[in-house]
Structure formats: C-alpha cells, structure tokens
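# Notes for the structure review
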Amino acid sequence: MSEKIYIFDTTLRDGEQAPGFSMNIEEKLILAHQLEKLGVDIIEAGFPSASEGDYEAVRRVSQEVQTPEVCALARTRKEDIERALEALEPAQNPRLHIFIATSDLHLEYKLRMTRQQVIESVLSALEFAKKYIDNIEFSCEDASRSDPDFLVQVITEAVKAGAKVINIPDTVGYTLPFEFESLIKYIKEKTPGIEQVILSVHCHNDLGLAVANSLAGIRAGARQVECTINGIGERAGNAAMEEIVMAINTRKDLLDYHTDIVTEQIYPTSRLLRKITGLVIPPNKAIVGANAFSHEAGIHQDGVLKHRLTYEIMTPEKVGIPSSRLVLGKHSGRHAFRKRLEELGFELSDEELEQAFRRFKELADKKKEVFDEDLEVLVMDEILKIPKKYQLRYINVTSGTEVMPTASVQMEIDGVLVRDAEFGDGPVDAAFKTIAKLTGTKSRLLLYSVNAITGGTDAQGEVRVRIEEEGIEVTGFGAHTDIIVASALAYIDALNRLEYRKKNLSQLRRQAP
Ligand SMILES: [Zn+2]
C-alpha cells in the first residue's frame with residue numbers, strides 16, 4: 001500500500017488573507033463544506049487573533065464541519081493561543097497551529113529577538129497549549145532562509161515539547177526543488193525524535209515553484225502538504241492543491257503515495273471558489289483552466305480522436321469537468337436542474353432547491369438559454385440569501401460616434417420605482433453613473449471585466465464588477481447577450497452584495513464581546 005499524503009487546506013486562511021480573495025463568514029462556510037466533500041484532511045479556517053471575522057469563521061467552521069480536522073493559527077503568545085483554542089472549542093477534531101519565525105532576518109528586523117529567546121518562547125507556548133490540546137502543529141516561519149542548524153535546534157525542542165506535526169514553510173517562495181529536498185532530508189536526519197511526528201511543507205509560488213517544491217518535500221519525507229484551491233494566497237500564491245494531487249495521482253509510477261482527495265470534486269471546488277471571490281482563472285492554468293483539456297492544434301485533435309492517450313495524460317472527467325456543456329432552457333425539468341447543480345458541486349436542501357427552481361423558471365422565461373454561470377449566480381444567491389434591495393427594471397442607452405453617451409435607467413429600490421438619466425464617457429460609464437445616482441452609493445469601482453461565455457458574436461457576455469466601500473470588497477456578476485445590460489446587472493448585483501455584507505458585518509460587531 002502506498003503511503004498517504006495528508007492534504008492541509010489553507011484556502012480559508014493563507015489564501016483568504018491575500019488582497020482580493022477576502023470572504024465573509026457565509027462564503028467561508030460554503031467553501032468549508034465543499035472542502036469536506038473534496039476530502040481534505042485538515043481545514044485551516046483562520047487566524048483568530050488577527051480579526052473578529054477570523055475568530056468567528058474558525059468557530060462556525062468548527063461547528064459545522066464533521067470529518068476534517070479544523071485548524072486555527074496562533075503566534076507563540078499566550079493570548080493568541082487562548083483565542084485560537086476558544087474559537088476551536090466546538091470542533092470535533094481540533095488542531096492548533098503555532099508559528100514563529102526562525103530566520104535571522106526575521107529575528108533581527110521583525111521579532112527583535114535572539115535565537116535563545118525564540119526557543120524559550122516556543123517552549124513556553126507549547127507547554128501552555130499542551131494543557132488544553134494534544135493535536136499541535138508547529139511552524140518555523142521563513143524556514144527555507146533559516147540557518148539549518150538553528151532550524152534543527154528549534155524543531156528538536158518543539159518535538160520534545162509535544163508538537164505532533166512540524167511544518168517547514170518556504171514563506172517567501174525562495175527555495176529551489178533540489179535545495180528544499182536536501183533541507184527536509186537534513187532535518188529528518190539531524191532531529192532526534194522526528195520519526196514520531198509528521199513532517200509538513202508549505203510552499204509559496206514567487207518563483208513559480210510552489211508545487212515542484214512541495215513534491216520535492218514529499219520525496220524527502222514530508223507526509224503533509226499545505227496548499228490552497230487554485231493556488232490562491234499571498235503575493236504569487238500558495239502551492240495549488242489540484243496540481244499536487246493530480247501530479248501524485250497521474251505519476252503513481254514514480255510517486256508511490258496517495259491522497260484521500262475525491263479528484264472528481266476538484267473542478268466543482270475550483271469553480272465555487274472562483275464564484276465566491278470573483279477570481280479569474282487564466283485559461284492556461286493547469287488542471288482547472290478553461291484550456292487545460294482543450295486540444296486546438298489539428299494534429300493534436302486528430303490524435304486525441306484516434307486515441308485519447310496520445311495527447312492526454314489524464315481525463316477531464318477525473319477532475320470533475322463536466323463532459324458536455326449542457327445548456328438548460330425553459331423546458332428543462334426539476335430533475336435536469338438538480339442533476340446539473342450536483343455536477344456544479346451544489347447540494348441544496350429540498351426547500352432551497354424548490355426556491356432555486358422557481359427562480360430558474362423565471363430566468364428561463366426571460367432568457368432562451370440558461371448557462372452554468374447563470375445557475376451558479378442563482379444558487380449562490382439562494383444559499384447566501386442575498387436580499388435584492390436594488391433591482392433593474394429598465395435600461396436604455398444611446399451611444400455612437402456622433403452622440404454623447406446617455407443612459408436612462410429605471411430601478412426598484414426597496415420596492416419603490418425610481419428613474420433617472422446621466423451622460424458618461426461611454427455607454428457603460430453612463431449606465432454606472434445613473435445607477436450610482438439612483439442608489440446614492442459611495443462605493444469605488446475596482447475592476448470591470450467582460451468575458452464571452454459562449455462563442456460567436458451573439459455570445460452571452462459575462463460581466464464582473466468589483467467594488468469597494470469602507471474596506472469591504474465585493475464582486476458582482478451579470479450575464480446577458482447585451483453587454484451594457486450585463487454590466488448594469490453586474491453593478492447592481494455587486495451593490496446588493498455590498499449591502500448584505502455591510503449588514504452582516506455590523507451584526508458580527510454587535511455579537512463580539
Ligand atoms: Zn503561507
């Protein structure tokens with residue numbers, strides 16, 4: 001039997017803390033449930049001392065997730081550990097993750113501590129935490145730039161003090177695969193008692209080597225990898241889970257390991273994260289990019305048709321990419337609707353399904369074809385129960401080479417019909433200005449992008465709009481054959497999400513001690 005590699009998912013912690021990927025609690029919970037379905041072993045749900053939101057997220061994920069371990073991050077200080085343990089209290093399988101930097105650079109400029117002080121603080125942290133929890137992971141931040149002998153010294157103490165997992169992060173994405181392999185081997189050889197713990201690696205992608213370095217770590221003896229869905233995370237991101245898992249899966253001939261990941265759930269998870277964060281996945285992204293399994297070159301297409309293995313090292317089905325692009329319409333029944341949602345990774349209660357189906361029918365009456373993207377927006381709204389404070393009733397835009405772009409818009413705001421008109425630099429600008437005037441929003445537009453969902457000039461356009469107000473960022477989506485209408489819908493969707501999130505945040509603040 002091959003050895004198991006534990007998959008430690010940190011999408012909700014390391015992934016989420018990067019700008020543009022922030023998620024609210026409801027979104028984190030939806031993702032946590034999907035991660036459970038995906039079969040990850042550990043979910044790192046947050047850093048409770050960092051913010052009220054992180055604390056609450058760890059607590060809620062702890063309450064709702066059954067099988068995976070739920071992990072919370074803490075510095076070595078006592079208050080951090082107490083806060084993390086408190087957040088983990090409802091978890092069935094809690095794990096505490098304590099970290100401190102070990103590189104001289106961090107010691108001197110960030111921590112302003114001596115090596116001896118670092119060791120003392122590790123020991124007192126572990127001694128304190130051990131009174132309350134046995135399952136403790138310890139990380140040496142910036143390990144790849146630390147003096148290997150000091151690293152061994154710190155790890156030796158941490159193992160003696162009872163850490164069960166020792167994590168070696170390449171925090172700044174600096175190491176090279178053969179160098180990292182040697183480092184892990186060195187730690188394995190030199191640390192007394194290391195065979196009693198699980199060695200882990202945590203790699204960042206600054207040089208595009210996070211996955212290669214993680215695999216090198218596994219070869220050297222690491223049995224846990226820390227990674228994120230779609231590789232999101234600080235700067236260039238973390239090691240992408242789907243790439244590590246599929247490398248192990250596809251190259252069994254050279255890598256005698258396995259993971260418990262249900263690979264068919266990879267694509268639905270990736271899509272769900274994309275929908276939640278508004279992240280754009282480059283088409284050439286390995287495993288989950290739109291082109292990852294498409295064969296354009298004639299000679300390749302010919303080969304694949306004759307025998308798939310000529311140009312395909314794994315099948316799209318294996319990672320859960322639906323084999324056909326099924327389009328639903330107004331004649332599609334409840335059964336087809338449910339089946340498609342399941343393929344997209346959504347599991348709804350009967351009541352939610354009934355609601356979503358009703359809204360689907362309304363949508364199908366207006367639109368000839370309902371695409372996966374429409375279904376995702378519809379279902380996310382249903383699950384998150386985002387109230388529609390603002391609704392578009394009517395939009396008319398004039399533009400061209402000889403006229404000043406003008407938009408007139410009618411909206412329903414809290415059930416009241418309002419209308420207005422504005423000029424703009426272009427038709428989208430005019431539409432947005434009118435909507436901004438009608439809603440009185442103070443939000444700032446951060447991003448606007450248009451994508452064709454289908455081919456041809458009659459393509460359905462999908463517009464994404466990212467807006468920010470008082471530090472809260474949200475993404476809105478809109479799809480329509482007319483991109484001006486799609487733009488207005490996306491902007492209004494974003495405004496509804498912003499309202500929803502503002503309300504949610506103030507509730508959270510009221511609950512906090
Ligand atoms: Zn990291």
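See above for the structure.
What you are looking at is a predicted structure, and each value in this text was computed from that prediction instead of being measured. (Residues numbered from 1 in each chain as written. Predicted model: local features only at pLDDT ≥ 70, side-chain atom pairs only at ≥ 80, totals over all residues. Heavy atoms only, no water.)

### Points about the overall build of the protein
Helix and strand counts for the protein stand at 17 helices and 16 strands. Taken over the C-alpha trace, the protein has a radius of gyration of 25 Å; the compact-globule value for 513 residues is 24 Å, and the two agree within 12%. Along the first, second and third principal axes, the C-alpha atoms of the protein reach 75 × 65 × 50 Å. Looking at the protein as a whole, 55% of its 513 residues qualify as buried. Pairs at least 24 residues apart make up 65% of the contacts formed inside the protein by residues separated by at least 6 positions. Summing over all exposed atoms, the protein offers an accessible surface of approximately 23,200 Å²; the carbon and sulfur share of this is 51%. (Helix = DSSP H or I, 4+ residues; strand = E, 2+ residues; numbered from the N terminus. Rg over C-alpha atoms; globule rule 2.2 N^0.38 Å. Buried < 20%, exposed > 50% of the residue type's maximum accessible area, 1.4 Å probe, protein only. Contact = heavy atoms within 4.5 Å. Areas by Shrake-Rupley, 256 points an atom, 1.4 Å probe, with all protein chains shown as cover.)

### Considering the layout of surface pockets
Within this model, the second largest pocket holds a volume of roughly 840 Å³. Secondary structure elements with two or more residues in the lining of the second largest pocket: α14 (350-366), α15 (372-384), β11 (390-398), β16 (472-480) and α17 (483-511). Within the lining of the second largest pocket, the residues separate by chemical class into ten nonpolar, four polar and eleven charged. (1 Å grid on protein atoms, 1.4 Å probe; cavity = no way out; pocket = protein on both sides within 12 Å on 5 of 7 lines; lining within 4 Å. Points joined across faces, edges and corners; volume = space filled by probe spheres on them. Nonpolar A, V, L, I, M, F, W, Y, C, P; charged D, E, K, R; others polar.)

### Digging into a nonpolar patch on the surface
Where nonpolar side chains cluster on the molecular surface, the patch consists of L445, Y448, V450 and I483 and spans about 310 Å² of accessible area. Looking at which element gives the most residues to the nonpolar patch, the answer is strand β14 (residues 444-452), with three residues. Tracing the backbone through its elements, the reader meets L445 in strand β14. Here L445 falls in the partly exposed class, since its relative accessible area comes to 44%. (Patch = residues over 30% accessible without salt bridge, like charges linked within 9 Å, V, L, I, M, F, W, Y side chains within 5 Å. Salt bridge = Lys/Arg side-chain N within 4 Å of Asp/Glu carboxyl O.)

### Notes on unusual backbone geometry
The backbone of R112 shows a phi angle near 50°, a positive value even though the residue is not glycine. The class for R112 is exposed, based on a relative accessible area of 66%. With a phi close to 60°, N230 is a non-glycine residue in the positive phi region. Considering the arrangement of structural elements, one finds N230 in the loop between β9 (224-227) and α10 (241-250).

### Describing the packing of helix α7 (residues 148-160) against helix α8 (residues 177-190)
Running from N to C, α7 and α8 point in directions that differ by 50°, and their axes come no closer than 10 Å. Between α7 and α8, the crossing angle belongs to the class labelled oblique. In the crossing of α7 with α8, the sense of the turn from one axis to the other is right-handed. Each of P148, D149, L151, V152 and I155 in α7 lies in contact with α8, whose residues at this interface are L183, Y186, I187 and K190. For the contact of α7 with α8, the class distribution of residues is seven nonpolar, no polar and two charged. (Axes fitted to C-alpha atoms, helices over the stretch in contact; angles between N-to-C directions. Parallel < 35°, antiparallel > 145°, perpendicular 65-115°, else oblique. Left-handed = near helix turned anticlockwise from the far one by under 90°.)

### Looking at the packing of aromatic side chains
A full pass over the atoms with the stated rule returns seven aromatic pairs. Ring geometry for F128 versus Y132: centroids 5.3 Å apart, planes at 65°, classification edge-to-face. In this structure F128 comes out as buried when scored by relative accessible area, which is 12%. By relative accessible area, which is 54% here, Y132 ends up exposed. Here the aromatic rings of F357 and F360 are separated by 5.9 Å at their centres, their planes lie at 35°, and the arrangement is tilted. You can see F357 and its partner F360 sitting in helix α14, three residues apart, about one turn around the helix. Of the two residues, F357 and F360, neither departs from the other in class, the shared state being buried. Each member of the aromatic cluster is reached from another via a ring pair, and the members are F337, F357 and F360. We note R83 situated over the ring of Y55; from NZ or CZ to the ring centre the distance is 3.7 Å. (Phe/Tyr/Trp six-rings, centres within 6.5 Å; stacked < 30°, edge-to-face > 60°. Lys NZ or Arg CZ within 6 Å of the ring centre and 35° of its normal.)

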